[in-house]
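Structure at a glance
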Amino acid sequence: MLTVEKIGGTSMSQFQDVMQNIIKGNRKGDELYNRIFVVSAYNNVTNWLLEHKKTGEPGIYNKFLNGEDYSIALDQFCQRLLLINDGFADYGLDLKEARDFIRFRVDQAKTLLYSLGKVLASGYVNRTDIHLAAREILASIGEAHSGWNSVNILNNNGINARFIDLCGFNDNEPLTIDERIHKEFKDIDFSKVLCIVTGYTKGTEGIMRAFDRGYSEVTFSKIAVEVKADEAVIHKEYHLSSADPKIVGVENSIPVGHTNYIIADQLADIGMEAIHPKAAKPLELAGIDIRIKNTFEPDHPGTIISRDYISPEPRVEIVSGSRKVIAIEVHDPMMVGEVGFDSKIMSYFIKYNVSYILKSTNANSITMVVWDNENSKSLINILKDVFYKVTAKPMAIVCVMGTNIALPGFLYRASQALYEKGINIESFAQSMMQVNMQFVIVREHYEDAVIALNEALCKKPNEN
Ligand SMILES: Nc1ncnc2c1ncn2[C@@H]1O[C@H](COP(=O)(O)OP(=O)(O)O)[C@@H](O)[C@H]1O
Ligand SMILES: N[C@@H](CC(=O)OP(=O)(O)O)C(=O)O
(Lines give C-alpha, C1' and ligand atoms only; values in the text may rest on other atoms or scores of the structure.)
(Ligands and ions follow the chains in the order given, each with its own letter.)
Protein backbone atom coordinates (compact mmCIF):
# COMPACT_ATOMS: atom_id res chain seq x y z
CA MET A 1 0.00 0.00 0.00
CA LEU A 2 1.42 3.38 -1.07
CA THR A 3 0.22 6.49 0.74
CA VAL A 4 0.85 10.19 0.17
CA GLU A 5 0.56 12.13 3.42
CA LYS A 6 0.45 15.87 4.04
CA ILE A 7 1.58 17.41 7.29
CA GLY A 8 0.15 20.85 8.09
CA GLY A 9 2.23 23.71 9.49
CA THR A 10 0.89 23.50 13.03
CA SER A 11 1.83 19.82 13.19
CA MET A 12 5.26 20.43 11.60
CA SER A 13 6.13 22.79 14.46
CA GLN A 14 5.87 19.75 16.72
CA PHE A 15 8.01 17.49 14.54
CA GLN A 16 8.93 15.29 17.51
CA ASP A 17 5.25 14.21 17.63
CA VAL A 18 5.15 13.84 13.85
CA MET A 19 8.18 11.55 13.95
CA GLN A 20 6.96 9.53 16.90
CA ASN A 21 3.24 9.30 16.08
CA ILE A 22 3.07 9.46 12.30
CA ILE A 23 6.37 8.39 10.80
CA LYS A 24 7.49 5.74 13.28
CA GLY A 25 4.41 4.66 15.26
CA ASN A 26 4.67 0.90 15.72
CA ARG A 27 6.33 0.38 12.35
CA LYS A 28 9.43 -1.75 11.96
CA GLY A 29 11.84 -2.30 9.05
CA ASP A 30 10.20 -2.09 5.65
CA GLU A 31 6.89 -0.96 7.17
CA LEU A 32 8.42 2.51 7.42
CA TYR A 33 8.41 2.91 3.66
CA ASN A 34 5.96 3.21 0.78
CA ARG A 35 4.99 6.56 2.26
CA ILE A 36 5.53 9.98 0.73
CA PHE A 37 5.28 12.98 3.06
CA VAL A 38 4.43 16.43 1.76
CA VAL A 39 5.34 19.05 4.33
CA SER A 40 4.13 22.58 4.99
CA ALA A 41 6.30 25.33 6.42
CA TYR A 42 6.43 25.50 10.21
CA ASN A 43 3.57 27.40 11.84
CA ASN A 44 3.65 31.14 10.97
CA VAL A 45 6.67 30.99 8.65
CA THR A 46 4.62 31.64 5.48
CA ASN A 47 2.77 34.36 7.38
CA TRP A 48 6.10 36.14 7.99
CA LEU A 49 7.15 35.70 4.38
CA LEU A 50 3.92 36.80 2.69
CA GLU A 51 1.22 38.12 5.01
CA HIS A 52 -0.73 36.70 7.93
CA LYS A 53 -3.31 34.27 6.55
CA LYS A 54 -6.04 35.38 8.96
CA THR A 55 -5.27 39.00 9.91
CA GLY A 56 -3.62 40.09 6.63
CA GLU A 57 -0.69 41.66 8.57
CA PRO A 58 1.96 42.36 5.91
CA GLY A 59 5.12 40.28 5.69
CA ILE A 60 8.37 40.54 3.73
CA TYR A 61 6.53 40.37 0.40
CA ASN A 62 4.94 43.74 1.18
CA LYS A 63 8.40 45.29 1.56
CA PHE A 64 9.33 44.11 -1.93
CA LEU A 65 6.06 45.50 -3.30
CA ASN A 66 6.73 48.91 -1.72
CA GLY A 67 10.37 49.03 -2.77
CA GLU A 68 11.45 48.94 0.91
CA ASP A 69 14.52 47.17 2.29
CA TYR A 70 13.55 43.49 2.20
CA SER A 71 17.16 42.42 2.67
CA ILE A 72 17.33 43.30 6.39
CA ALA A 73 13.88 41.77 6.86
CA LEU A 74 15.13 38.53 5.27
CA ASP A 75 18.15 38.49 7.59
CA GLN A 76 15.89 38.89 10.62
CA PHE A 77 13.59 36.23 9.21
CA CYS A 78 16.56 33.88 8.84
CA GLN A 79 17.41 34.43 12.52
CA ARG A 80 13.86 33.39 13.41
CA LEU A 81 14.27 30.22 11.37
CA LEU A 82 17.51 29.45 13.21
CA LEU A 83 15.64 29.82 16.51
CA ILE A 84 13.07 27.31 15.23
CA ASN A 85 15.99 25.01 14.34
CA ASP A 86 17.35 25.24 17.91
CA GLY A 87 14.11 23.66 19.14
CA PHE A 88 14.82 20.53 17.07
CA ALA A 89 18.43 19.95 18.21
CA ASP A 90 17.32 17.49 20.88
CA TYR A 91 15.50 15.39 18.28
CA GLY A 92 18.50 14.99 16.00
CA LEU A 93 18.76 18.11 13.82
CA ASP A 94 22.36 18.90 12.94
CA LEU A 95 22.29 22.63 13.71
CA LYS A 96 25.36 23.54 11.68
CA GLU A 97 24.25 21.76 8.51
CA ALA A 98 20.72 23.10 8.96
CA ARG A 99 22.04 26.64 9.38
CA ASP A 100 24.24 26.35 6.28
CA PHE A 101 21.28 25.10 4.22
CA ILE A 102 18.81 27.78 5.18
CA ARG A 103 21.32 30.64 5.08
CA PHE A 104 22.32 29.63 1.58
CA ARG A 105 18.68 29.37 0.49
CA VAL A 106 17.77 32.78 1.95
CA ASP A 107 20.85 34.31 0.26
CA GLN A 108 19.81 32.76 -3.06
CA ALA A 109 16.32 34.23 -2.60
CA LYS A 110 17.84 37.64 -1.87
CA THR A 111 19.87 37.50 -5.07
CA LEU A 112 16.81 36.53 -7.08
CA LEU A 113 14.73 39.32 -5.53
CA TYR A 114 17.52 41.81 -6.19
CA SER A 115 17.57 40.81 -9.88
CA LEU A 116 13.78 41.03 -10.07
CA GLY A 117 13.99 44.53 -8.55
CA LYS A 118 16.46 45.57 -11.26
CA VAL A 119 14.27 44.15 -14.03
CA LEU A 120 11.31 45.99 -12.53
CA ALA A 121 13.29 49.23 -12.46
CA SER A 122 13.98 48.92 -16.20
CA GLY A 123 10.30 49.75 -16.69
CA TYR A 124 9.91 47.37 -19.64
CA VAL A 125 8.20 44.47 -17.87
CA ASN A 126 4.77 43.81 -16.45
CA ARG A 127 4.93 44.82 -12.77
CA THR A 128 2.32 42.30 -11.65
CA ASP A 129 4.27 39.39 -13.16
CA ILE A 130 7.44 40.45 -11.36
CA HIS A 131 5.57 40.89 -8.08
CA LEU A 132 4.03 37.45 -8.39
CA ALA A 133 7.42 35.91 -9.17
CA ALA A 134 8.79 37.50 -5.97
CA ARG A 135 5.83 36.07 -4.05
CA GLU A 136 6.60 32.58 -5.37
CA ILE A 137 10.29 32.82 -4.45
CA LEU A 138 9.52 33.98 -0.92
CA ALA A 139 6.80 31.38 -0.33
CA SER A 140 9.05 28.49 -1.33
CA ILE A 141 11.60 29.23 1.44
CA GLY A 142 9.20 28.02 4.15
CA GLU A 143 8.71 24.51 2.80
CA ALA A 144 12.38 24.13 1.78
CA HIS A 145 13.32 24.90 5.40
CA SER A 146 10.92 22.46 7.05
CA GLY A 147 11.50 19.75 4.41
CA TRP A 148 15.31 19.83 4.63
CA ASN A 149 15.23 19.80 8.45
CA SER A 150 12.82 16.86 8.52
CA VAL A 151 15.06 14.73 6.30
CA ASN A 152 18.09 15.59 8.40
CA ILE A 153 16.29 14.66 11.64
CA LEU A 154 14.96 11.39 10.17
CA ASN A 155 18.33 10.37 8.74
CA ASN A 156 19.95 11.06 12.10
CA ASN A 157 17.29 8.78 13.65
CA GLY A 158 18.19 5.88 11.36
CA ILE A 159 15.38 6.32 8.82
CA ASN A 160 16.30 6.33 5.15
CA ALA A 161 14.63 9.59 4.09
CA ARG A 162 15.22 11.57 0.91
CA PHE A 163 14.59 15.30 0.39
CA ILE A 164 12.52 15.95 -2.72
CA ASP A 165 12.89 19.68 -3.24
CA LEU A 166 10.23 20.81 -5.70
CA CYS A 167 11.17 24.49 -5.24
CA GLY A 168 13.38 24.37 -8.35
CA PHE A 169 15.79 27.00 -7.01
CA ASN A 170 18.71 25.62 -8.94
CA ASP A 171 17.17 24.94 -12.33
CA ASN A 172 15.69 27.06 -15.07
CA GLU A 173 13.59 24.38 -16.75
CA PRO A 174 10.20 25.77 -17.85
CA LEU A 175 8.16 22.92 -16.35
CA THR A 176 4.53 23.09 -15.27
CA ILE A 177 3.73 21.90 -11.73
CA ASP A 178 2.53 18.54 -13.05
CA GLU A 179 5.60 18.10 -15.25
CA ARG A 180 7.97 18.83 -12.37
CA ILE A 181 6.17 16.34 -10.12
CA HIS A 182 6.26 13.70 -12.86
CA LYS A 183 9.98 14.25 -13.47
CA GLU A 184 10.93 14.09 -9.79
CA PHE A 185 8.97 10.96 -8.94
CA LYS A 186 9.30 8.79 -12.01
CA ASP A 187 12.37 6.77 -10.98
CA ILE A 188 11.97 6.40 -7.21
CA ASP A 189 11.55 3.02 -5.53
CA PHE A 190 9.22 4.05 -2.69
CA SER A 191 9.64 0.73 -0.91
CA LYS A 192 13.25 1.60 -0.07
CA VAL A 193 13.14 5.27 0.76
CA LEU A 194 10.81 7.58 2.61
CA CYS A 195 10.30 10.75 0.58
CA ILE A 196 9.92 14.12 2.28
CA VAL A 197 8.62 16.59 -0.29
CA THR A 198 8.29 20.37 -0.15
CA GLY A 199 4.64 21.46 -0.15
CA TYR A 200 5.73 24.23 -2.52
CA THR A 201 6.19 23.24 -6.19
CA LYS A 202 7.75 25.52 -8.77
CA GLY A 203 5.78 25.58 -12.01
CA THR A 204 5.35 27.91 -14.96
CA GLU A 205 1.76 28.64 -13.93
CA GLY A 206 2.89 29.70 -10.41
CA ILE A 207 1.41 27.71 -7.51
CA MET A 208 0.66 30.93 -5.60
CA ARG A 209 -0.97 32.53 -8.62
CA ALA A 210 -3.07 29.47 -9.40
CA PHE A 211 -3.95 28.26 -5.90
CA ASP A 212 -2.69 30.81 -3.34
CA ARG A 213 -2.36 30.07 0.37
CA GLY A 214 -2.71 26.50 1.54
CA TYR A 215 -0.92 25.39 -1.65
CA SER A 216 0.79 22.43 0.08
CA GLU A 217 -2.44 20.48 -0.25
CA VAL A 218 -2.39 21.10 -4.00
CA THR A 219 1.14 19.66 -4.28
CA PHE A 220 -0.01 16.78 -2.10
CA SER A 221 -3.05 15.92 -4.21
CA LYS A 222 -1.10 16.17 -7.47
CA ILE A 223 1.56 13.79 -6.14
CA ALA A 224 -1.08 11.33 -4.92
CA VAL A 225 -2.61 11.27 -8.40
CA GLU A 226 0.81 11.00 -10.11
CA VAL A 227 1.99 8.01 -8.05
CA LYS A 228 -1.51 6.42 -7.99
CA ALA A 229 -1.59 6.40 -4.19
CA ASP A 230 -3.88 3.96 -2.41
CA GLU A 231 -4.85 6.66 0.06
CA ALA A 232 -4.17 10.38 0.55
CA VAL A 233 -3.74 11.27 4.22
CA ILE A 234 -3.85 14.78 5.72
CA HIS A 235 -2.38 15.14 9.21
CA LYS A 236 -3.72 18.13 11.12
CA GLU A 237 -3.77 19.61 14.57
CA TYR A 238 -7.44 18.63 15.02
CA HIS A 239 -9.75 15.91 13.77
CA LEU A 240 -12.09 17.00 11.01
CA SER A 241 -14.82 17.77 13.50
CA SER A 242 -18.53 18.40 13.72
CA ALA A 243 -17.64 22.09 14.22
CA ASP A 244 -14.50 24.21 14.51
CA PRO A 245 -12.87 23.12 17.80
CA LYS A 246 -11.56 26.66 18.25
CA ILE A 247 -15.19 27.89 18.40
CA VAL A 248 -17.04 25.10 20.19
CA GLY A 249 -14.15 23.71 22.23
CA VAL A 250 -12.35 20.41 21.56
CA GLU A 251 -14.54 18.67 24.15
CA ASN A 252 -17.70 19.56 22.21
CA SER A 253 -16.45 18.78 18.72
CA ILE A 254 -17.00 15.26 17.44
CA PRO A 255 -14.68 13.67 14.86
CA VAL A 256 -16.65 13.28 11.63
CA GLY A 257 -15.64 9.65 11.01
CA HIS A 258 -16.75 9.29 7.42
CA THR A 259 -18.14 11.62 4.79
CA ASN A 260 -18.13 11.99 1.03
CA TYR A 261 -16.74 14.25 -1.68
CA ILE A 262 -20.08 16.03 -2.06
CA ILE A 263 -19.68 17.33 1.49
CA ALA A 264 -15.98 18.09 0.84
CA ASP A 265 -17.12 20.36 -2.02
CA GLN A 266 -19.55 22.15 0.30
CA LEU A 267 -16.73 22.71 2.81
CA ALA A 268 -14.39 23.98 0.10
CA ASP A 269 -17.06 26.38 -1.18
CA ILE A 270 -17.31 28.14 2.16
CA GLY A 271 -13.53 28.30 2.49
CA MET A 272 -13.26 25.89 5.41
CA GLU A 273 -9.58 25.60 6.18
CA ALA A 274 -9.65 21.85 6.71
CA ILE A 275 -9.04 21.17 3.01
CA HIS A 276 -7.96 23.33 0.08
CA PRO A 277 -10.80 23.68 -2.46
CA LYS A 278 -8.56 22.75 -5.38
CA ALA A 279 -6.97 19.75 -3.65
CA ALA A 280 -9.92 17.43 -3.22
CA LYS A 281 -11.23 17.38 -6.80
CA PRO A 282 -8.26 15.65 -8.52
CA LEU A 283 -8.31 12.99 -5.80
CA GLU A 284 -12.04 12.45 -6.24
CA LEU A 285 -11.66 12.12 -10.00
CA ALA A 286 -8.81 9.62 -9.54
CA GLY A 287 -10.92 7.59 -7.09
CA ILE A 288 -8.49 8.11 -4.21
CA ASP A 289 -9.95 8.37 -0.70
CA ILE A 290 -8.76 11.14 1.64
CA ARG A 291 -8.14 10.37 5.29
CA ILE A 292 -7.88 13.35 7.67
CA LYS A 293 -6.01 12.44 10.85
CA ASN A 294 -5.19 14.20 14.09
CA THR A 295 -1.41 14.25 14.57
CA PHE A 296 -1.77 14.04 18.31
CA GLU A 297 -4.16 11.06 18.38
CA PRO A 298 -2.31 8.56 16.19
CA ASP A 299 -4.48 5.55 17.06
CA HIS A 300 -7.70 7.25 15.99
CA PRO A 301 -8.57 6.30 12.38
CA GLY A 302 -9.62 9.89 11.62
CA THR A 303 -12.10 10.86 8.92
CA ILE A 304 -12.40 9.13 5.56
CA ILE A 305 -13.69 11.13 2.61
CA SER A 306 -14.79 8.75 -0.13
CA ARG A 307 -16.91 8.99 -3.25
CA ASP A 308 -19.96 6.93 -2.41
CA TYR A 309 -20.37 7.16 1.36
CA ILE A 310 -23.85 7.84 2.72
CA SER A 311 -24.30 7.81 6.48
CA PRO A 312 -26.25 4.66 7.45
CA GLU A 313 -28.25 6.65 9.99
CA PRO A 314 -29.62 10.15 9.30
CA ARG A 315 -27.34 12.67 11.03
CA VAL A 316 -25.72 16.06 10.67
CA GLU A 317 -22.01 15.59 10.05
CA ILE A 318 -20.62 19.13 10.07
CA VAL A 319 -21.60 22.67 11.00
CA SER A 320 -19.31 25.15 9.30
CA GLY A 321 -19.36 28.54 7.67
CA SER A 322 -17.69 31.90 7.38
CA ARG A 323 -18.08 35.32 8.90
CA LYS A 324 -16.36 37.00 5.93
CA VAL A 325 -19.21 37.18 3.43
CA ILE A 326 -21.46 39.87 1.98
CA ALA A 327 -25.12 39.33 1.10
CA ILE A 328 -26.11 41.22 -2.05
CA GLU A 329 -29.76 41.67 -2.87
CA VAL A 330 -30.89 42.87 -6.29
CA HIS A 331 -34.50 44.04 -6.20
CA ASP A 332 -36.48 45.20 -9.24
CA PRO A 333 -40.30 45.43 -9.53
CA MET A 334 -39.89 44.56 -13.24
CA MET A 335 -38.21 41.24 -12.43
CA VAL A 336 -41.45 39.34 -11.87
CA GLY A 337 -42.09 36.98 -14.76
CA GLU A 338 -39.16 38.32 -16.80
CA VAL A 339 -37.32 35.33 -18.24
CA GLY A 340 -33.55 35.54 -17.88
CA PHE A 341 -33.33 38.56 -15.56
CA ASP A 342 -30.74 36.64 -13.57
CA SER A 343 -28.47 36.28 -16.60
CA LYS A 344 -28.00 40.08 -16.65
CA ILE A 345 -26.81 39.98 -13.05
CA MET A 346 -24.58 37.00 -13.75
CA SER A 347 -22.87 38.75 -16.65
CA TYR A 348 -21.39 41.18 -14.07
CA PHE A 349 -20.39 38.32 -11.78
CA ILE A 350 -18.46 36.81 -14.69
CA LYS A 351 -16.89 40.16 -15.58
CA TYR A 352 -15.67 40.71 -12.00
CA ASN A 353 -14.74 37.05 -11.50
CA VAL A 354 -16.98 36.64 -8.45
CA SER A 355 -18.38 33.24 -7.51
CA TYR A 356 -21.45 33.15 -5.28
CA ILE A 357 -21.90 30.77 -2.34
CA LEU A 358 -25.67 30.99 -2.00
CA LYS A 359 -28.57 32.20 -4.12
CA SER A 360 -32.14 32.64 -2.95
CA THR A 361 -34.95 34.32 -4.88
CA ASN A 362 -38.53 35.54 -4.75
CA ALA A 363 -40.78 37.27 -7.31
CA ASN A 364 -38.78 40.46 -7.61
CA SER A 365 -35.50 40.04 -5.75
CA ILE A 366 -32.46 37.82 -5.80
CA THR A 367 -30.09 37.44 -2.85
CA MET A 368 -26.57 36.18 -3.40
CA VAL A 369 -23.82 35.60 -0.86
CA VAL A 370 -20.24 36.30 -1.94
CA TRP A 371 -16.82 36.58 -0.27
CA ASP A 372 -16.08 39.91 1.39
CA ASN A 373 -13.12 40.94 -0.80
CA GLU A 374 -12.04 43.62 -3.27
CA ASN A 375 -13.55 41.90 -6.34
CA SER A 376 -16.92 41.67 -4.63
CA LYS A 377 -16.78 45.34 -3.63
CA SER A 378 -16.11 46.40 -7.25
CA LEU A 379 -18.96 44.13 -8.37
CA ILE A 380 -21.36 45.71 -5.87
CA ASN A 381 -20.47 49.21 -7.09
CA ILE A 382 -21.30 48.35 -10.68
CA LEU A 383 -24.50 46.47 -9.72
CA LYS A 384 -25.63 49.59 -7.84
CA ASP A 385 -25.12 51.66 -11.00
CA VAL A 386 -27.01 49.25 -13.23
CA PHE A 387 -29.95 47.81 -11.29
CA TYR A 388 -33.04 49.39 -9.71
CA LYS A 389 -32.18 48.68 -6.05
CA VAL A 390 -29.10 46.89 -4.78
CA THR A 391 -28.47 46.30 -1.08
CA ALA A 392 -25.18 44.86 0.19
CA LYS A 393 -24.59 43.96 3.83
CA PRO A 394 -21.67 42.33 5.68
CA MET A 395 -23.00 38.99 6.91
CA ALA A 396 -22.00 35.52 8.07
CA ILE A 397 -23.06 32.20 6.57
CA VAL A 398 -23.49 29.07 8.65
CA CYS A 399 -24.07 25.70 6.99
CA VAL A 400 -25.42 22.46 8.38
CA MET A 401 -24.30 19.46 6.33
CA GLY A 402 -24.74 15.74 6.11
CA THR A 403 -24.80 12.92 3.56
CA ASN A 404 -28.15 11.66 4.92
CA ILE A 405 -30.30 14.59 6.06
CA ALA A 406 -32.98 14.59 3.35
CA LEU A 407 -35.68 13.87 5.91
CA PRO A 408 -38.31 15.89 7.77
CA GLY A 409 -37.09 17.53 10.97
CA PHE A 410 -33.50 18.60 10.29
CA LEU A 411 -34.41 22.08 9.07
CA TYR A 412 -36.88 22.43 11.92
CA ARG A 413 -34.24 21.53 14.51
CA ALA A 414 -31.65 23.84 12.95
CA SER A 415 -33.94 26.86 12.79
CA GLN A 416 -35.19 26.11 16.29
CA ALA A 417 -31.60 26.11 17.60
CA LEU A 418 -31.05 29.54 16.02
CA TYR A 419 -34.41 30.81 17.29
CA GLU A 420 -33.56 29.76 20.85
CA LYS A 421 -30.43 31.93 20.72
CA GLY A 422 -32.46 34.85 19.35
CA ILE A 423 -30.69 34.63 15.98
CA ASN A 424 -32.72 35.78 12.98
CA ILE A 425 -32.25 34.00 9.63
CA GLU A 426 -31.69 36.84 7.13
CA SER A 427 -31.71 34.51 4.11
CA PHE A 428 -31.71 30.75 3.56
CA ALA A 429 -30.98 28.20 0.80
CA GLN A 430 -30.97 24.45 0.27
CA SER A 431 -30.72 22.57 -3.01
CA MET A 432 -32.91 19.54 -3.66
CA MET A 433 -29.99 17.26 -2.97
CA GLN A 434 -30.51 18.24 0.69
CA VAL A 435 -26.97 17.85 1.90
CA ASN A 436 -26.40 21.47 2.97
CA MET A 437 -28.75 23.92 4.72
CA GLN A 438 -27.28 27.41 4.39
CA PHE A 439 -28.31 30.15 6.82
CA VAL A 440 -27.35 33.80 6.40
CA ILE A 441 -27.12 35.60 9.74
CA VAL A 442 -25.60 38.83 11.06
CA ARG A 443 -21.88 38.53 11.74
CA GLU A 444 -21.99 39.13 15.49
CA HIS A 445 -23.99 35.92 15.87
CA TYR A 446 -21.63 33.65 13.91
CA GLU A 447 -19.85 31.93 16.82
CA ASP A 448 -23.10 31.60 18.82
CA ALA A 449 -24.83 30.07 15.79
CA VAL A 450 -22.05 27.49 15.28
CA ILE A 451 -22.15 26.58 18.99
CA ALA A 452 -25.96 26.33 19.03
CA LEU A 453 -26.19 24.22 15.86
CA ASN A 454 -23.38 21.90 16.93
CA GLU A 455 -25.02 21.44 20.31
CA ALA A 456 -28.51 20.83 18.91
CA LEU A 457 -27.68 18.69 15.89
CA CYS A 458 -24.28 17.03 16.26
CA LYS A 459 -23.97 15.99 19.89
CA LYS A 460 -25.77 12.86 20.91
CA PRO A 461 -28.50 13.41 23.56
CA ASN A 462 -26.50 11.70 26.31
CA GLU A 463 -23.36 13.79 25.63
CA ASN A 464 -22.58 16.87 27.66
N1 LIG B 1 -14.87 21.40 11.46
C2 LIG B 1 -13.56 21.63 11.69
N3 LIG B 1 -12.76 20.63 12.08
C4 LIG B 1 -11.44 20.86 12.29
N5 LIG B 1 -10.83 22.06 12.13
C6 LIG B 1 -11.59 23.09 11.75
C7 LIG B 1 -12.97 22.92 11.50
N8 LIG B 1 -13.47 24.12 11.12
C9 LIG B 1 -12.45 24.98 11.12
N10 LIG B 1 -11.31 24.38 11.53
C11 LIG B 1 -10.03 25.09 11.69
O12 LIG B 1 -9.10 24.67 10.71
C13 LIG B 1 -7.82 24.99 11.20
C14 LIG B 1 -6.78 24.09 10.60
O15 LIG B 1 -6.54 24.53 9.33
P16 LIG B 1 -5.11 24.79 8.74
O17 LIG B 1 -4.73 26.23 8.86
O18 LIG B 1 -5.16 24.24 7.37
O19 LIG B 1 -4.16 23.94 9.70
P20 LIG B 1 -2.84 23.10 9.45
O21 LIG B 1 -1.73 23.99 9.88
O22 LIG B 1 -2.98 21.89 10.33
O23 LIG B 1 -2.81 22.73 8.00
C24 LIG B 1 -7.89 24.80 12.72
O25 LIG B 1 -7.20 25.86 13.33
C26 LIG B 1 -9.37 24.82 13.04
O27 LIG B 1 -9.68 25.86 13.93
N1 LIG C 1 2.64 27.23 4.32
C2 LIG C 1 1.78 27.52 3.21
C3 LIG C 1 1.26 26.28 2.55
C4 LIG C 1 0.31 25.44 3.34
O5 LIG C 1 -0.45 24.69 2.78
O6 LIG C 1 0.34 25.54 4.70
P7 LIG C 1 -0.69 24.79 5.77
O8 LIG C 1 -0.71 23.32 5.41
O9 LIG C 1 -0.05 25.02 7.11
O10 LIG C 1 -2.05 25.43 5.64
C11 LIG C 1 0.64 28.49 3.56
O12 LIG C 1 0.50 28.89 4.68
O13 LIG C 1 -0.09 28.90 2.69
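Conventions used here
Residues numbered from 1 in each chain as written. Chains lettered and ligands numbered in written order. Predicted model: local features only at pLDDT ≥ 70, side-chain atom pairs only at ≥ 80, totals over all residues. Heavy atoms only, no water. UniProt positions renumbered as here; feature names shortened; annotations may be inferred. Near = heavy atom within 4 Å. Polar contact = N/O pair within 3.5 Å; in protein donor to acceptor, adjacent residues only side chain to side chain. Areas by Shrake-Rupley, 256 points an atom, 1.4 Å probe, with all protein chains shown as cover. Helix = DSSP H or I, 4+ residues; strand = E, 2+ residues; numbered from the N terminus. Axes fitted to C-alpha atoms, helices over the stretch in contact; angles between N-to-C directions. Parallel < 35°, antiparallel > 145°, perpendicular 65-115°, else oblique. Nonpolar A, V, L, I, M, F, W, Y, C, P; charged D, E, K, R; others polar. Pairing = 2+ DSSP bridges. Contact = heavy atoms within 4.5 Å. Phe/Tyr/Trp six-rings, centres within 6.5 Å; stacked < 30°, edge-to-face > 60°. Buried < 20%, exposed > 50% of the residue type's maximum accessible area, 1.4 Å probe, protein only. Domains from an automatic or database assignment.

- The chain goes by aspartate kinase in an unreviewed UniProt entry, where it is assigned to Fermentimonas caenicola.
- Database annotation for the chain, UniProt heading Sequence similarities (unreviewed entry): "Belongs to the aspartokinase family."
- Of the comments in the UniProt record for the chain, the one headed Catalytic activity (unreviewed entry) reads "L-aspartate + ATP = 4-phospho-L-aspartate + ADP".

Observations regarding the site of ligand 2
- Looking at ligand 2, the residues that line it are K6, G8, G9, S40, T46, K53, E143, R213, G214, Y215 and S216.
- A distance of 3.2 Å is found between an oxygen atom of ligand 2 and a side-chain nitrogen or oxygen belonging to K53.
- Take R213: an N or O atom from its side chain is 2.8 Å from an oxygen atom of ligand 2.
- In the complex, 87% of the free accessible area of ligand 2, which totals 340 Å², lies under the protein chains.

What about the site of ligand 1?
- The full set close to ligand 1 counts 16 residues, and T10, K236, S241, D244 and K246 are the nearest of them.
- T10 is positioned such that a nitrogen or oxygen atom in its side chain is 2.7 Å from an oxygen atom of ligand 1.
- Measuring from a nitrogen atom of ligand 1, one finds a backbone N or O atom of S241 at 2.9 Å.
- When ligand 1 sits alone it has 580 Å² of accessible area, and the protein chains cover 90% of it.
- Elements that contribute at least two residues to the shell around ligand 1 include exactly α1 (9-12) and α11 (245-248).

Describing the packing of helix α6 (residues 95-122) against helix α7 (residues 127-156)
- In the contact formed by α6 and α7, the axes pass within 10 Å of each other and the chain directions differ by 175°. One element, α6, and the other, α7, form an angle in the roughly antiparallel class.
- Grouping the amino acids of the contact of α6 with α7 by side-chain chemistry returns 18 nonpolar, four polar and three charged.

A short note on the sheet that holds strand β9 (residues 318-331)
- Overall, antiparallel pairing links the six strands, which are arranged β10-β11-β9-β12-β14-β13 in an open sheet. For this open sheet the edge positions go to β10 (358-361) and β13 (427-429), each flanked by a neighbour on one side alone. Put simply, the sheet's adjacent strands are angled 25° from each other on average, direction ignored.
- Strands in contact with helix α16 (residues 410-420) are β13 and β14 (436-441); relative to β14, the strand with the most contacts, it is inclined by about 25°.
- Across the sheet, helix α17 (residues 446-458) is in contact with β9, β12 (389-401) and β14; its angle to β9 comes to roughly 125°.

Observations regarding the packing of aromatic side chains
- One pass over the full model with this rule turns up ten aromatic pairs.
- Measuring from ring centre to ring centre gives 5.2 Å for F101 and W148, while their planes differ by 10°; the resulting arrangement is stacked. You can see F101 sitting in helix α6 and its partner W148 sitting in helix α7, a full 47 residues away along the chain. The pair F101 / W148 is uniform in exposure class, with both members buried.
- Three or more aromatic residues joined by ring pairs make a cluster, and in this case those are F101, W148 and F163.

Brief notes about the domain arrangement of the chain
- Domain parsing of the chain yields domain 1 (3-237) and domain 2 (318-458).
- The C-alpha-based centres of domain 1 and domain 2 are spaced at 37 Å.

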